[in-house]
Structure formats: C-alpha cells, structure tokens
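# Overview (structure and organization)
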Amino acid sequence: MSFIRERRRSVFLLLTPAFLLGTAALAGVATGGQGGLILLTWPREQAFLLAGTVLILLAVAVLRGLTKSPLRTALATLLLLLGVPSTWIGGTLGLYDHAEREVKTQAAPGRSDRRLVMVQHDDFDPARCLYVHQDGLLGERRWTVSCFMGEEDGLRDAVWTSPERIRITVDGTPRESHEVTILPSGQPERVLLYGSAICPGDLRGDCWSP
C-alpha cells in the first residue's frame, strides 16, 4: 500500500507543475496581441517551450502511473514524440530572442494608471516601437501605438498632448507629426506601422501598412 501511495504522490507531483505550466501558456496565448497582459509576456513568448515541457511531464506521469495499462508505452511515446520537438523548438527560438530596451517612459498627464513606453529592439533591421501601458483589473496591459523598422522614416519621439492623445514625430523629409487618440481602455484609435503610413480606423490595432 505504501508503494501505491508513493506512486500516486509522484504522479501528483508531476501533474501539478504540468497543469500550472499549461495554464500559464494558454493564458499567455489567449491574451496575446493588443491589450496583452504584461504579466503573461514571458509565458506567451515561450509557449512552445512550456507546451513541450508539459507533454514531457505528462509522459513521465503516464509511465509512472499506468503501470498495468496496455496503452502505457504507446501513450508515453506519443507524448514524448510531441513534447521533445516542441521543447527543442521553443528553446531554439528563445536563443534568438532579440534584446529590447526602454528608451523613454512617460506617465499620462493627470493619470497615474496610464503611461507611454518607447522601446528599441536591437536587430539586424532595428525597430523602435511605442506602446501604451494601462493598469486594469488583472494587471498592466500593453497596447501597440506605432512601430517603425530601419533608420529612415523612423520613430523619432512621442509625447502626451492630453491624457487621451499622443503626438508622434516621425523622421523623414520633411519630418512629420501625427496625433493618435487613446480610448478609455488604453487602446489606440489607429496604429502607425512601417514608416509614416497610417492604418485608418482600425480599432483592433492589427492592420499592416504596405
């Protein structure tokens, strides 16, 4: 009996982290894109690695718990065949994550729950992106306002002109300025991407300019 209890305990110890990691990965993916929770940024970016780890833990739990089942070996093998490549892919992608650094942060005037964050992504083709971070019920969320690739027609600066409006300055000939309205949720009314082209009226914030 003590052997059975010990085996059940070990299976429980394997299933618990598998459940927690799987929940974190699913929550991260579900809150991806515009308005994503900052708290879940890492699980969202490492979803492959977490999924692979979960599958490997499940495979070990199957081997440990289903000692008398004829499906034991087949099920464990299937989980490992899915889990090992996923873990390898997730780890490989993690090695190629490019460094990013905040170059500017500014609180919205009269609002302590909303701030402007400018981030420099150091890559072969460097990108500078602008985000609005806003506190919510589940934590701080991030909305993309603009993102520009390369050195020409790049994002020069951004400032609040009011608690609901941002003025964005874009390098170019001549230098241009655009104003973006921020909705009560923190979502921008329009998104500037790749140069000075404007995504018109896209409240989802996922349109791409040519």
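That block above? That's the structure.
The sections below set out a description of the structure shown in this document. (Residues numbered from 1 in each chain as written. Predicted model: local features only at pLDDT ≥ 70, side-chain atom pairs only at ≥ 80, totals over all residues. Heavy atoms only, no water.)

## Some details on the side chain of Q134
Structurally, Q134 is set in strand 4 (residues 127-136). Within polar-contact distance, the side chain of Q134 engages the backbone oxygen of P184 at 2.8 Å. (Helix = DSSP H or I, 4+ residues; strand = E, 2+ residues; numbered from the N terminus. Polar contact = N/O pair within 3.5 Å; in protein donor to acceptor, adjacent residues only side chain to side chain.)

## Observations concerning the environment of S112
Inspection of the secondary structure assignment puts S112 in the loop between strand 2 (100-107) and strand 3 (114-121). With 22 residues separating them in the primary sequence, S112 and Q134 have C-alpha atoms 9.0 Å apart.

## Side note on the environment of A158
Its location among the elements puts A158 in strand 6 (residues 155-162). The class for A158 is buried, based on a relative accessible area of 1%. Separated by 53 residues in sequence, A158 and T105 place their C-alpha atoms 9.8 Å apart. Those residues in contact with A158 that lie beyond four places of it in its chain are K104, Q106, L116, M118, L130, I166, R167 and I168. (Buried < 20%, exposed > 50% of the residue type's maximum accessible area, 1.4 Å probe, protein only. Contact = heavy atoms within 4.5 Å.)

## So, the sheet that holds strand 8 (residues 176-181)
The strand order across the open sheet formed by 3 strands is 6-7-8, and the pairing between neighbours is antiparallel. At either margin of the open sheet sits one strand with a lone partner, and together these are strand 6 and strand 8. Averaged over all adjacent pairs, the angle separating strand axes in this sheet is 25°, with direction ignored. Pairing between strand 6 and strand 7 (residues 165-170): 6 bridges, direction antiparallel. Considered in strand 7, the bridge of A158 is made with I168. (Pairing = 2+ DSSP bridges. Axes fitted to C-alpha atoms, helices over the stretch in contact; angles between N-to-C directions.)

## Observations concerning the nonpolar core
Counting residues in hydrophobic clusters, the biggest one holds 16 residues, and the most contacted among them are L130, I166 and I168. Put simply, the parts of the chain that give this core at least two residues each are strand 3, strand 4, strand 5 (139-149), strand 6 and strand 7. Core analysis: the next-biggest nonpolar cluster, separate from the first, contains 7 residues, V117, V119, Y131 and V191 among them. (Core = buried A, V, L, I, M, F, W, Y, C linked by side-chain atoms within 4.5 Å.)

## Things to note about the pattern of salt bridges
In total, this model carries 5 salt bridges according to the counting rule given. As a salt-bridge pair, K104 and D157 come within 2.9 Å of each other at their nearest N and O atoms. One end of the pair, K104, is in strand 2; the other, D157, is in strand 6, and 53 residues separate them in sequence. The partner of R111 in a salt bridge is D113, and the shortest N-O contact between them spans 2.9 Å. Looking at R111, the relative accessible area reads 22%, which means it is partly exposed. Overall, the relative accessible area of 24% leaves D113 in the partly exposed class. Several salt bridges converge on common partners, so that one network encompasses R165, R167 and E179. (Salt bridge = Lys/Arg side-chain N within 4 Å of Asp/Glu carboxyl O.)

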